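# Architecture and fold: a report
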Amino acid sequence: MPQKNNPVKLDGTLLAEKLTEAAKNEVEKLRKKNIVPHLEVILVGNDPASRIYVNNKTKACDKTGIFHNTNLLPENVSNEELLKFIQELNSKKEVNGILVQLPLPPQIKKDKIIDAIDPIKDVDGLHPYNMGLLMAGRQQWNPCTPGGILSIFKEHSIPLEGKNCVIIGRSDIVGKPLSLLLMQQNATVTICHSKTKNIPELLKKADIVCAAIGKAAFVKPDFIEQNTIIIDVGVNRISEEKLVDEIFGKEAPQKETFQKRGSCLCGDVHPQAYTKSSYYTPVPGGVGPMTIATLINNTITAAKVQKNSQ
Ligand code: GUN
């Protein structure tokens, strides 16, 4: 008889609201000392998904009292123009955080842009100096998505020490920094990527699976052992009805969303795999809101650090 499971949904929206409320109190205290955390967001072009992400970030700033400004730059902006703009923001003392929303258009050299951000204002934690600090275990704040995942573990008292964590995806933004944060918590970490040969085998040995590859329903139910903890970082938009039916079934709420909007969201993990887990993060409403809550906290920390170094 198959074992019956009762997976716990790790609600990122709820936790992000709680952290945002605490951040609001923190900003109130800072404002009384004439410190107003200030975030500048740069959005290049008209990518609809990026627009939504940036909107959600600035909404969270509004909720907490963080001053923010969104700079919309044209799709065809040059490297030089973008670099000059970042240098201007670097030189403004009142600006505590600079976030360049990714991805950037193909003419832009992403690495050069990230390198140009003053590391003390790099609230995304993507500058190589900040990555180096993280590698050394001396980071001032955590990169947003991995930091948000760590906050989920902490909130639910999920122990990490000695756990086998398998991360799928080796990106600079999620996979690599997440592996370092988990190691800092004494977890044993395996990173899988596009050239890894035996992903299902490795996943079967995992206590915790973190999927961050951007492929809808990549992790199939038979890759997952009973009671694994699943952290699903993927946010994939599916606009093919056949795929929606295949993944979610014809009666699922996602099907209704698809019929209303012509698409729906799907994580990197197949929904049937969640049913075998002990805990899982849903998509949407899991890791996504926690990325934003971490950005808010990072901006507050950056404001404090910059005040103290004046
Ligand atoms: N695009 C998708 N996620 C992120 C993020 O965390 N930071 C930035 N800057 N861009 C993103």
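Before going into details, it helps to say that this report is about the structure given with it. It should be emphasised that the depicted structure is a prediction, and the values quoted were computed from it without experimental measurement. (Residues numbered from 1 in each chain as written. Predicted model: local features only at pLDDT ≥ 70, side-chain atom pairs only at ≥ 80, totals over all residues. Heavy atoms only, no water.)

## A short note on the overall build of the protein chain
In terms of regular secondary structure, the protein chain is built from twelve helices and eleven strands. For 310 residues, the compact-globule estimate of 2.2 N^0.38 gives 19 Å, and the protein chain sits close to it at 20 Å. With respect to the principal axes defined by its C-alpha atoms, the protein chain has extents near 65 × 40 × 35 Å. A separation of at least 24 residues holds for 72% of the contacts in the protein chain among residues at least 6 apart in sequence. (Helix = DSSP H or I, 4+ residues; strand = E, 2+ residues; numbered from the N terminus. Rg over C-alpha atoms; globule rule 2.2 N^0.38 Å. Contact = heavy atoms within 4.5 Å.)

## So, the environment of I229
With respect to the helices, strands and loops of the structure, I229 is situated in strand β8 (residues 229–232). Residues I229 and I98, spaced 131 residues apart in sequence, show a C-alpha to C-alpha distance of 34 Å.

## With respect to the nonpolar core
Counting residues in hydrophobic clusters, the biggest one holds 27 residues, and the most contacted among them are I149, F153, L178, L182, I208, I231 and V233. Each residue touching V233, except ones within four places of it in the same chain, is listed here: T145, I149, V174, A211, A212 and V287. Counting 21 residues, the second-largest nonpolar core is a separate cluster that includes V27, L99, L295 and A303. (Core = buried A, V, L, I, M, F, W, Y, C linked by side-chain atoms within 4.5 Å. Buried < 20%, exposed > 50% of the residue type's maximum accessible area, 1.4 Å probe, protein only.)

## Points about the pairing of β8
Every second residue of β8 is oriented toward a common face, with I229 and I231 on one face and I230 and D232 on the other, all of them buried. As defined by bridge partners, strand β7 (residues 208–211) adjoins β8 across four bridges and the pair is classed as parallel. Across the sheet, A211 pairs through a bridge with D232, a residue of β8. Of the pairings in the sheet, the one linking β8 to strand β11 (residues 279–280) comprises two bridges and is parallel in character. Its bridge partner being in β11, I230 is matched across the sheet by Y280. (Pairing = 2+ DSSP bridges.)

## Considerations on the layout of surface pockets
Considering only enclosed or pocket space, the second largest pocket measures out at about 470 Å³ in volume. As for the second largest pocket, its lining consists of 21 residues, of which N142, G147, L150, S151 and K154 are closest to the centre. Those elements that provide at least two residues to the lining of the second largest pocket are α1 (12–32), α6 (144–155), α7 (175–184) and α12 (287–308). Ranked by residue count, the leading element in the lining of the second largest pocket is α6, at six residues. Across the lining of the second largest pocket, the residue classes tally to nine nonpolar, ten polar and two charged. (1 Å grid on protein atoms, 1.4 Å probe; cavity = no way out; pocket = protein on both sides within 12 Å on 5 of 7 lines; lining within 4 Å. Points joined across faces, edges and corners; volume = space filled by probe spheres on them. Nonpolar A, V, L, I, M, F, W, Y, C, P; charged D, E, K, R; others polar.)

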